[in-house]
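Letter by letter, the chains look like this.
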Amino acid sequence: MLPCILVLSACLSEKDLVGDLGAQPKAAASSVKDDSPLDILYVTDRAPTASANGEPAYSAVRGHSLSFGSVTLVPERSRFHGGATGQHDGSLRVSHTTKLGQFPQSPYPIELTPEGPRRARATVDAHTRAVAGLQGEVARRLATAKRKEVVIFIHGYANSFDDAAKATGKICNALSREFVCVSLSWPAGGTGGAFYGYNIDRESGEFAVADVKKAVRIISATKGVRRLHFIAHSRGADVLLSALGQLGMEAYAARSSPAERYKIANAVLFAPDIDLDVATTKLFGFISDPDTPYGAKATPYGLLPRIGALHLTVYSSPNDQALAISSGLFGSVVRLGRLTSASIDSKEAGSSALWKNSQMSGIADFIEYKGISGFAGHSYFLSDPAVQKDLAALIRDGLKAGDRGRPLVEIKRPFWSILSRTAMHSR
């Protein structure tokens, strides 16, 4: 297995893993036809670095302050794909980056006082000002957005700050620019260590969970925000599930739910690079434990909080070679991003509570993608028009799996297959 890992990992460039953000076929172009610049909000705990043009730039190094600002994206012009020189083909590039605010260095300092330990007042004041700045920027964008909802994208392994911004822009275009779009960028793209920085990125993702939670709390509490929608790719799914699991514990202890407390409507995972058992534990472990405090004390026989609008959608592909490597690397029985209706029936995977709970409560759909997109079949969420169409139907149009308008065929609930041109060509 090791030679396969080393050879294929060496071939997986940054663009292979995030999806080709350069020229795309016309069919994969966004649903937005105009050539106007697109401005998205970024929130990151990457360390700042020098840039050639003097604008803010961020590295793959872990920063100790959460920063936020705006990224302006403009359409690329292509000479290829049979179009005229200068024709817009749906790809984007970063034009400007503007930093708008920054939180204090974390962890925040604790002072010892005669009465006991407390947070340093000056740091709390700085945090409060940063919260007001971030919420003010979200509110400003909400005022001009058609939908008073926020879409947050969390990228995967080996992605740069610019890669994450461009992917967020492509998703925002697929949603017709109706939402406030946020690139929540963690310090991926590390070098050194084993397996071309994969192990470094894995730990950097764990490092970022606290900052993701902070950002979610702040954005969800912004006046005027009606709903949050999360989209995560690859290793970003692990980051998101870790944060949602901890936020779920906070909500449960407050006798609430993530949908109610944090206004979370959708959590969409594309090619999630996480073991099925690990994902199950993060999602259901705390709430299934009868000793978990609900308010002041545990209520083992009491009703659980209503799920509300929260819905989980998992896109997986048996042709995802990047996740095949990850599965071999970690000895995973089933990687969530390779889960299929056939594999869930296996003796090993069948013990998982993830799909059983989702069937019982109806909170999740598992969508199988059978096409081959990108070098490793890992980037179909950006390159296949059918996947983008289904994402728009889910988030923008509010359609459920099985509703007219979603390109899905039922396999056996909660499993569905996506009708993809790429998939049909691969048969």
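Up top is the structure these notes are about.
Residues numbered from 1 in each chain as written. Predicted model: local features only at pLDDT ≥ 70, side-chain atom pairs only at ≥ 80, totals over all residues. Heavy atoms only, no water.

1. Points about the overall build of the protein chain
Here comes step 1: Tallying secondary structure elements over the protein chain gives 13 helices and 15 strands in all.
Here comes step 2: Excluding contacts between residues fewer than 6 apart, the proportion of contacts in the protein chain whose partners are at least 24 apart in sequence is 75%.
Here comes step 3: Within the structure as shown, the protein chain displays about 18900 Å² of accessible surface, and the carbon and sulfur contribution to it stands at 54%. (Helix = DSSP H or I, 4+ residues; strand = E, 2+ residues; numbered from the N terminus. Contact = heavy atoms within 4.5 Å. Areas by Shrake-Rupley, 256 points an atom, 1.4 Å probe, with all protein chains shown as cover.)

2. Details of the state of the cysteines
Here comes step 1: Using the criterion set out here, one finds one disulfide in the structure.
Here comes step 2: The disulfide bridge from cysteine 172 ends at cysteine 181, spanning 2.2 Å between sulfur atoms. Because the torsion about its S-S bond is 85 degrees, the bridge between cysteine 172 and cysteine 181 counts as right-handed.
Here comes step 3: By relative accessible area, cysteine 181 is classed as buried at 5%. (Disulfide = S-S within 2.5 Å. Buried < 20%, exposed > 50% of the residue type's maximum accessible area, 1.4 Å probe, protein only.)

3. Regarding the pattern of salt bridges
Here comes step 1: Counted according to the given criterion, the structure contains 14 salt bridges.
Here comes step 2: Close ionic contact of aspartate 238 with arginine 235 constitutes a salt bridge, the shortest N to O distance being 2.6 Å. Pair noted here: aspartate 238 and arginine 235 are both in helix 6 (residues 235-253), with a separation of three residues, about one helical turn.
Here comes step 3: Where aspartate 273 meets arginine 335, a salt bridge forms, and the shortest distance between an N and an O atom there is 2.9 Å. One end of the pair, aspartate 273, is in the loop between strand 9 (264-270) and helix 8 (276-288); the other, arginine 335, is in the loop between helix 9 (321-330) and helix 10 (353-361), and 62 residues separate them in sequence. (Salt bridge = Lys/Arg side-chain N within 4 Å of Asp/Glu carboxyl O.)

4. A closer look at the side chain of histidine 229
Here comes step 1: Residue position: histidine 229 is located in strand 8 (residues 227-233).
Here comes step 2: Not counting the four nearest positions on each side in its chain, histidine 229 is found in contact with Glu149, Val150, Val151, Ile152, Phe179, Ala265, Asn266 and Ile395.

5. Some thoughts on the packing of aromatic side chains
Here comes step 1: This model, assessed by the stated rule, comprises 13 aromatic pairs.
Here comes step 2: Arranged with centres 5.8 Å apart and planes meeting at 45 degrees, the rings of tyrosine 198 and phenylalanine 330 form a pair that is tilted. Of this pair, tyrosine 198 sits in helix 5 (residues 198-220) while phenylalanine 330 sits in helix 9, and the two are 132 residues apart along the sequence.
Here comes step 3: Taking the relative accessible area as the measure of exposure, tyrosine 198 reaches 9% and is therefore buried.
Here comes step 4: Taking the relative accessible area as the measure of exposure, phenylalanine 330 reaches 33% and is therefore partly exposed.
Here comes step 5: Ring plane angle 45 degrees and centroid distance 4.8 Å describe the contact between tyrosine 252 and tyrosine 294, whose orientation is recorded as tilted. (Phe/Tyr/Trp six-rings, centres within 6.5 Å; stacked < 30°, edge-to-face > 60°.)

6. Topic: the packing of helix 6 against helix 8
Here comes step 1: At a minimum axis separation of 9 Å, helix 6 and helix 8 run at an interaxial angle of 0 degrees. Considered as vectors, helix 6 and helix 8 are oriented roughly parallel to each other. Contacts between helix 6 and helix 8 pair Asp238, Leu241, Ser242, Gly245, Gly248, Met249 and Tyr252 from the former with Ala279, Lys282, Leu283, Phe286 and Ile287 from the latter.
Here comes step 2: Residues that form the contact of helix 6 with helix 8 fall into these classes: seven nonpolar, three polar and two charged. (Axes fitted to C-alpha atoms, helices over the stretch in contact; angles between N-to-C directions. Parallel < 35°, antiparallel > 145°, perpendicular 65-115°, else oblique. Nonpolar A, V, L, I, M, F, W, Y, C, P; charged D, E, K, R; others polar.)

7. Focus on helix 5
Here comes step 1: With 23 residues, helix 5 should cover 33 Å at 1.5 Å per step; its first-to-last C-alpha distance of 31 Å lies within 8% of that length.
Here comes step 2: Along helix 5, the largest kink reaches about 35 degrees and is centred on alanine 208. (Expected span 1.5 Å × (residues − 1). Bend = angle between axes of the 7 residues up to and from the residue.)

8. Regarding the nonpolar core
Here comes step 1: By size, the foremost hydrophobic cluster in this structure holds 57 residues, and its most contacted members are Phe103, Val150, Ile154, Leu269 and Leu336.
Here comes step 2: In terms of residue count, the dominant contributor to this core is helix 6 (eight residues).
Here comes step 3: Setting aside its immediate chain neighbours within four residues, isoleucine 154 contacts Leu184, Trp186, Val212, Ile231, Ala232, His233, Gly236, Val239 and Leu240.
Here comes step 4: By size, the runner-up hydrophobic cluster in this structure holds 26 residues, among which are Phe179, Tyr380, Ala392 and Ile418. (Core = buried A, V, L, I, M, F, W, Y, C linked by side-chain atoms within 4.5 Å.)

9. Focus on the side chain of aspartate 238
Here comes step 1: When its relative accessible area of 10% is taken as the criterion, aspartate 238 is described as buried.
Here comes step 2: Those residues within four positions of aspartate 238 in sequence are excluded, and the remaining contacts are Arg202, Asp273, Ile274 and Lys282.

10. Details of helix 4 (residues 161-174)
Here comes step 1: For helix 4, spanning 14 residues, the distance from its first C-alpha to its last is 20 Å, which sits close to the expected 20 Å at 1.5 Å a residue.
Here comes step 2: Burial analysis of helix 4 places 13 of its 14 residues in the buried class, the great majority of the element.
Here comes step 3: One or two residues past the end of helix 4 sits serine 176, with phi positive at roughly 65 degrees.

11. Points about the packing of helix 3 (residues 121-144) against helix 5
Here comes step 1: At a minimum axis separation of 9 Å, helix 3 and helix 5 run at an interaxial angle of 60 degrees. Between helix 3 and helix 5, the interaxial angle falls into the category oblique. In terms of crossing hand, the pair formed by helix 3 and helix 5 is right-handed. Two secondary-structure elements touch here, helix 3 through His127, Val131, Leu134, Gln135 and Val138 and helix 5 through Lys214, Ile218 and Ile219.
Here comes step 2: The residue inventory of the contact of helix 3 with helix 5, partitioned by class, reads five nonpolar, two polar and one charged. (Left-handed = near helix turned anticlockwise from the far one by under 90°.)

12. What to know about the pairing of strand 7 (residues 180-185)
Here comes step 1: For strand 7, the tally of buried residues reaches six of six residues, placing the bulk of the element in the interior.
Here comes step 2: The two faces of strand 7 match: Val180, Val182 and Leu184 on one face and Cys181, Ser183 and Ser185 on the other face are all buried.
Here comes step 3: Bridge analysis of strand 6 (residues 149-154) against strand 7 gives four bridges, and the strand direction is parallel. What sits directly across from phenylalanine 153, in strand 7, is serine 183. (Pairing = 2+ DSSP bridges.)

13. Some points on the environment of serine 379
Here comes step 1: In this fold, serine 379 is placed in the loop between strand 13 (364-368) and helix 11 (380-383).
Here comes step 2: Its relative accessible area of 2% is what places serine 379 among the buried residues.
Here comes step 3: Taking the C-alpha atoms as reference points, serine 379 and histidine 233, 146 residues apart in sequence, are found 8.7 Å from one another.

The values are spatial; any link to function lies outside them.
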